[in-house]
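The residues making up each chain are set out below.
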Amino acid sequence: MQPRDNDTPVPTPDDDAALVERIVGQDQDALSELYERYSDVLLALARRILVDHSDAEEVLQEVFLQVWDQAKRYDRSRSSVSTWLVLITRSRAIDRLRSRQVVDRTLAAVQQENQDLHTSPEGARAVLFEQRRQRLRREMEELPAEQRQVLEHAFYGGMAQSEIARVTGIPLGTVKTRTMLAMKKLRKALRAEIRELL
Amino acid sequence: MSAERNKEEQALLVAWGHLDPNGPIQPTSPAGEPPDPTLVREYTELLGLLPYELEPELPRPELWQQLRAAIQSEAAAGTAEEAPAAATDEGVTPTQPRPKRPIGDLTLIQSPTRHEVDEMALHHPGAADAVDMTLIKSPSERATPPPLPQSVPFRPPAVTRPTAPPARSSWGTVLLAAMLGVCLLGLGFFAGKMNEQRATIARLEEDFTALQAEHNELLEAKKHLDMVTAVARHIYRMQPIAETAQQASAQGIVYVCGKHKRWYLYLQGLEPAPSGYQYYLWFKTRQGMESGGAVEVRHDAPYEAEAHDLPVGTQGFLVTLEKAGAHEEPEGEIMLLGEKSVSL
C-alpha cells in the first residue's frame, strides 16, 4: 500500500458507501480501495487490542474477508462505512483476545511492547486523517484519567460495565456515570468530526 | 431538562450496545418512546472515531496479496460447491460467514487416492518415488504393483481401458474445475472492468450535462452581449408615470437593434399582477399600438424577454395592467413607459 498524497481527494462517507456497493457486486478493485483507505487504522485498532502483530494482521484479513462476503449487510442508515469497519474489527479482535491461546501470546507480547512498537509515520496519509487523529488524541487526553480508563476498558478491552467495576474496584453506578460523562464530553467536542461521517 | 438528559442517555446506551456481541441494547423508556435516532447515530459514529487516536500501522504488502488470494480461492471454492457433482452440504448458507481457514493451509490439499497413485506410477515410472507411499491407505495393496525396472522407457500401458475410465475422470474433473475457475476469474475481472466503465460513462454523462448547461448559459449571455454591442442600437429607459403600489420601485430598460428587428426587455421592481389582471407589453408605433404579449412578473426575480419581431417604426414601449384575457389595444393603467431612446 502506497502512502496517500496530500493532493489525493479525501474519501467522503458517500465514496465509501459506493465502494461497499461495488464490493457487493464482487468488485475486487473496490475492496482494494477500501483496504487502502482503512487498513492502517484498523490494523492499529486490532494491534491496540491484541498487542501481538501477527494476530492483528490475521484479524485485519478476517475483517476484509467478512466485508467481501457480507458487504450487503452494511446498513447505511445505521453508521458510516468507517464506523462499520471499526466495529467489525473491534468485535473480531476482542473475540480473538478471549481465546486462551491468544491471551497467552498477548501476555508474552506485552512484555516487549515498549521495544517492539511498530509504527509507520508514512501511514499518515491524508491530511484529514492526520487532523482527525490529532483532534482525537487531544480530546482523549483532556478527559479525566478515570473517565478515559473506563472508556478504554470498554472499547479496547471489550469489558462489560460490570466487569470494569469488578476489575477496577469501582462501584457499577460510578462506572456507568463515568462512561456517560466521557461519551457526552467527546460527542460535544468532536461534533464536527461526527458530522463529517453522517 | 431531565427528560432531555434521559433521552440522550437512552441514545448513548443503544449506541454503546453496538459494542455488545449480542447486539444493541433495547432500552426501556418510561415514556415508551424510542431513542432519538440522530443521537444514536452520533454516538455510534463517535465510537467509530475512537481508534483514530492511535498511530496508524501500515500492513505488510504481502498481506493484501494473501487476502486477494484467499478471496479468489473462496470464489473458486464457491464455484465448485455450486457444481452438482462436487456439491457437499457443509451446513454453510450464503448468508452465514464462511468457515475461517488460514491462508495457504496445506491441510486443505487432499491426498491422492490409492488408485490415483497407482495410475501415476503406471504412466510415469519413477514418479511414485516422489510420493510418500506410507501416506497411502491399504498397505496390503501397496505391495501389489510389481516394481518397474529403471531402464524401462515410458510406454502406454498395455491394459485395454474402458471408454471412460473412472480414474481419469477425477483428473479431468480437476482440470475442468481449474479451467472453469480461470474462466470465472476472467469473467469476474471483466465484470469489474465493465462496472468501472459504467461508472466512468455515468460520470462523463453528468459532466456532459453540466457542460451543456454552461454552454447554454454562455449562449444566452452572448446573445445579450451581441444585443448591447450591436450596430444601430437604441436604449429605452422605462419608468413609471404615476405612483402606485404596483410599480413604486419599478424600472426597466429595452435594448433595440433596429437593423435586425431585435429587442431585449429587462424589468425589475414590478409587483406581480393582482388576481384577474395581467401585465402586457406594447410597442408604440407610428400606426398605433401593437401587442408585445403578456409579461409574467415574479416576485423574486427580474423579468427578461427578447425577440426578433420589433414592429417597423417602433417609437416607444409601454407596460400596462390589463384584465386577464386578449386585448388588441391597451385599456388599463400604464405601469411603465419608455418613449425616449438613447442611441449608442
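Residues numbered from 1 in each chain as written. Chains lettered and ligands numbered in written order. Predicted model: local features only at pLDDT ≥ 70, side-chain atom pairs only at ≥ 80, totals over all residues. Heavy atoms only, no water.

### Brief notes about the overall build of chain A
Reasoning step 1: Helices and strands together make up the secondary structure of chain A, namely 10 helices and 0 strands.
Reasoning step 2: Here chain A holds 198 residues, and 50% of them are scored as buried.
Reasoning step 3: Counting only carbon and sulfur atoms, one obtains 48% of the accessible surface of chain A, whose full area is about 9300 Å². (Helix = DSSP H or I, 4+ residues; strand = E, 2+ residues; numbered from the N terminus. Buried < 20%, exposed > 50% of the residue type's maximum accessible area, 1.4 Å probe, protein only. Areas by Shrake-Rupley, 256 points an atom, 1.4 Å probe, with all protein chains shown as cover.)

### Observations concerning the interface of chain A and chain B
Reasoning step 1: Every contact between the two is made by 72 residues of chain A and, on the other side, 48 residues of chain B.
Reasoning step 2: Around 6100 Å² of area is buried between chain A and chain B when both sides are counted, 62% of it from carbon and sulfur atoms.
Reasoning step 3: It is Gln61(A), Met183(A) and Arg187(A) that lose the most area in chain A upon contact with chain B, and together they represent 11% of the buried surface on that side.
Reasoning step 4: Where chain A touches chain B, the interface holds 8 salt bridges.
Reasoning step 5: For Arg68(B), the salt bridge identified is with Asp29(A), shortest N-O distance 3.9 Å.
Reasoning step 6: Remark: the boundary between chain A and chain B carries 21 residue pairs in polar contact (both at pLDDT 80 or more).
Reasoning step 7: Broken down by element, the side of chain A that touches chain B gets its largest block of residues, 14 residues, from helix H2 (residues 28-50) of chain A.
Reasoning step 8: Looking at the side of chain A that touches chain B residue by residue, the class counts come to 29 nonpolar, 17 polar and 26 charged. (Contact = heavy atoms within 4.5 Å. Buried area = accessible area lost by both parts, 1.4 Å probe. Salt bridge = Lys/Arg side-chain N within 4 Å of Asp/Glu carboxyl O. Polar contact = N/O pair within 3.5 Å; in protein donor to acceptor, adjacent residues only side chain to side chain. Nonpolar A, V, L, I, M, F, W, Y, C, P; charged D, E, K, R; others polar.)

### Here's the deal with the confidence of the model for chain B
Residues and elements named next belong to chain B.
Reasoning step 1: Of all residues in chain B, 65% have pLDDT values of 70 or greater, and the mean over the chain is 72.
Reasoning step 2: When pLDDT is averaged over each element of chain B, strand E4 (residues 277-285) comes out on top at 92 and helix H5 (residues 139-142) at the bottom at 41.
Reasoning step 3: Scored below 50 in pLDDT, residues 23-30 makes 15 contacts in the model with residues more than four places away or belonging to other chains.
Reasoning step 4: Segment residues 83-165: pLDDT under 50, and 55 contacts once partners within four positions in sequence are set aside and those in other chains are kept.
Reasoning step 5: Across the predicted assembly, pTM comes out at 0.45 and ipTM at 0.76. (pLDDT = per-residue confidence, 0-100.)

### Points about the sheet that holds strand E9 (residues 341-343) of chain B
Residues and elements named next belong to chain B.
Reasoning step 1: Read across the open sheet, the 5 strands follow the order E6-E3-E2-E1-E9; overall the sheet is antiparallel. At either end of the open sheet lies a strand with only one pairing partner, and these are strand E6 (303-307) and E9. Along the sheet, successive strands turn relative to each other by an average axial angle of 15°, direction set aside.
Reasoning step 2: Bridge analysis of strand E3 (residues 262-268) against E6 gives 5 bridges, and the strand direction is antiparallel. Counted as the bridge partner of Tyr266 is Glu304 from E6. (Pairing = 2+ DSSP bridges. Axes fitted to C-alpha atoms, helices over the stretch in contact; angles between N-to-C directions.)

### Observations concerning the nonpolar core
Reasoning step 1: Judged by nonpolar contacts, the single largest core of 76 residues is most densely connected at Leu34(A), Phe64(A) and Val67(A).
Reasoning step 2: Broken down by element, this core gets its largest block of residues, 13 residues, from H2(A).
Reasoning step 3: Taken together, domain 1 (2-117) and domain 2 (123-197) of chain A each give at least three residues to this core, which thus spans both.
Reasoning step 4: Setting aside residues no more than four positions away along its own chain, Leu34(A) makes contact with Leu19(A), Ile23(A), Ser39(A), Phe64(A), Val67(A), Val81(A) and Leu85(A).
Reasoning step 5: Core analysis: the second largest hydrophobic core is formed by 22 residues, Met238(B), Trp263(B), Leu267(B) and Leu336(B) among them. (Core = buried A, V, L, I, M, F, W, Y, C linked by side-chain atoms within 4.5 Å. Domains from an automatic or database assignment.)

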